[in-house]
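Per-entry structural report
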Amino acid sequence: MAKTKIVSTDDILVMLCKSVTSVLSTATHNEINYSAMVQKINRTCLKPDIGCFVLFDGGFSGLVVINFTAAAALELYQAYLSNMGIPREELAVSHTSDEVGNVLGELMNQMIGDFISNVGKQLLTPINQNQPKMLTINKEVLLSINTNLDRPQARRVTFTTQRNNIFYLELAMDKTEFIQLHDFEQQEDFDPDDILEGEANKRAAASQALKDDDQNDSDSLLDELGI
């Protein structure tokens, strides 16, 4: 008999950390790493210089907080927009700029979206998120989830940017376990851009084939007429 597979809250935390590193590394073209050691904490907080949080619920509920130092926030913001082709001289130079907060909120939305997609594929459990909230703060702000959690757990993970700037991820959720009863096939990942490109190539090929057919018909008619 095959050994039963169990996925714990810490396994779910690893899934979240991988989504954060994957999305940020792709968006900035910079290396993002997280610590192999995780802290058990009693509460989640927004901390200076920029705090960002998002709630999710569904198969299980939780709260994700990311606290950026000013240096880390600016590095990620500038690397992301530079990677999109925006000149450095047009970028904000202060972490208090609204544009910095908006970009980090967009990136967090992508990170949690990737996490939710992976939870759906690997755990066959749907969860939903609300819109990320960003705050530029100079004091610690305590956060709690407005829902009943059974045996809540909280964790903090340290992340490092390519320039060795630090930011922290905190996760609070139910203590839970997912138990795999039988094998199943995970859905394959797909890239929407690849699908659009494939459809565009099909249309271009069909258009070219139609032109070739018209040309062949015209050549046949000229041959019949002896021209």
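Okay, so let's go over this structure.

Criteria and thresholds
Residues numbered from 1 in each chain as written. Predicted model: local features only at pLDDT ≥ 70, side-chain atom pairs only at ≥ 80, totals over all residues. Heavy atoms only, no water. Helix = DSSP H or I, 4+ residues; strand = E, 2+ residues; numbered from the N terminus. Buried < 20%, exposed > 50% of the residue type's maximum accessible area, 1.4 Å probe, protein only. Contact = heavy atoms within 4.5 Å. Areas by Shrake-Rupley, 256 points an atom, 1.4 Å probe, with all protein chains shown as cover. Core = buried A, V, L, I, M, F, W, Y, C linked by side-chain atoms within 4.5 Å. Phe/Tyr/Trp six-rings, centres within 6.5 Å; stacked < 30°, edge-to-face > 60°.

1. A few points about the overall build of the chain
Scanning the chain from N- to C-terminus turns up four helices and twelve strands. Within the chain, buried positions represent 38% of all 227 residues. Within the chain, residue pairs in contact and separated by at least 24 positions form 71% of the contacts whose partners lie at least 6 positions apart. Total accessible area on the chain stands at roughly 13900 Å², and carbon and sulfur atoms take up 49% of it.

2. Observations regarding unusual backbone geometry
Peptide bonds are mostly trans, and most non-glycine residues show a negative phi. In this structure, the amide linkage connecting Pro 48 to the following residue, Asp 49, adopts the cis form with an omega of 15°. Even without a glycine there, the phi angle at His 29 is positive, about 60°. Classification of His 29 as exposed rests on a relative accessible area of 59%. Residues other than glycine seldom take positive phi values, yet Asn 164 does so here, at roughly 65°. With respect to the element layout, Asn 164 can be found in the loop between strand 10 (152–160) and strand 11 (166–174).

3. Quick word on the nonpolar core
The biggest cluster of nonpolar side chains holds 47 residues, and the ones touching the most others in it are Val 64, Phe 68, Phe 115, Phe 167 and Leu 169. Counting only elements with at least two residues in this core, the list comes to helix 1 (9–28), strand 5 (50–58), strand 6 (62–68), helix 2 (70–83), helix 3 (98–123), strand 10 and strand 11. With eleven residues, the single largest contributor to this core is helix 3. With nine residues, the next largest nonpolar core counts Val 65, Ile 137, Leu 143 and Ala 154 among its residues.

4. Re the packing of aromatic side chains
In this description, a pair of aromatic rings is defined by centroid distance and the angle of the planes. Per the stated rule, a full pass over the model turns up six aromatic pairs. Where Phe 56 meets Phe 60, the ring centres are 5.6 Å apart and the plane angle is 85°; that geometry is what we call edge-to-face. The exposure class assigned to Phe 60 is buried, which follows from its relative accessible area of 5%. An aromatic cluster is built from Tyr 34, Phe 68, Phe 159 and Phe 167, whose rings are joined through pairwise contacts.

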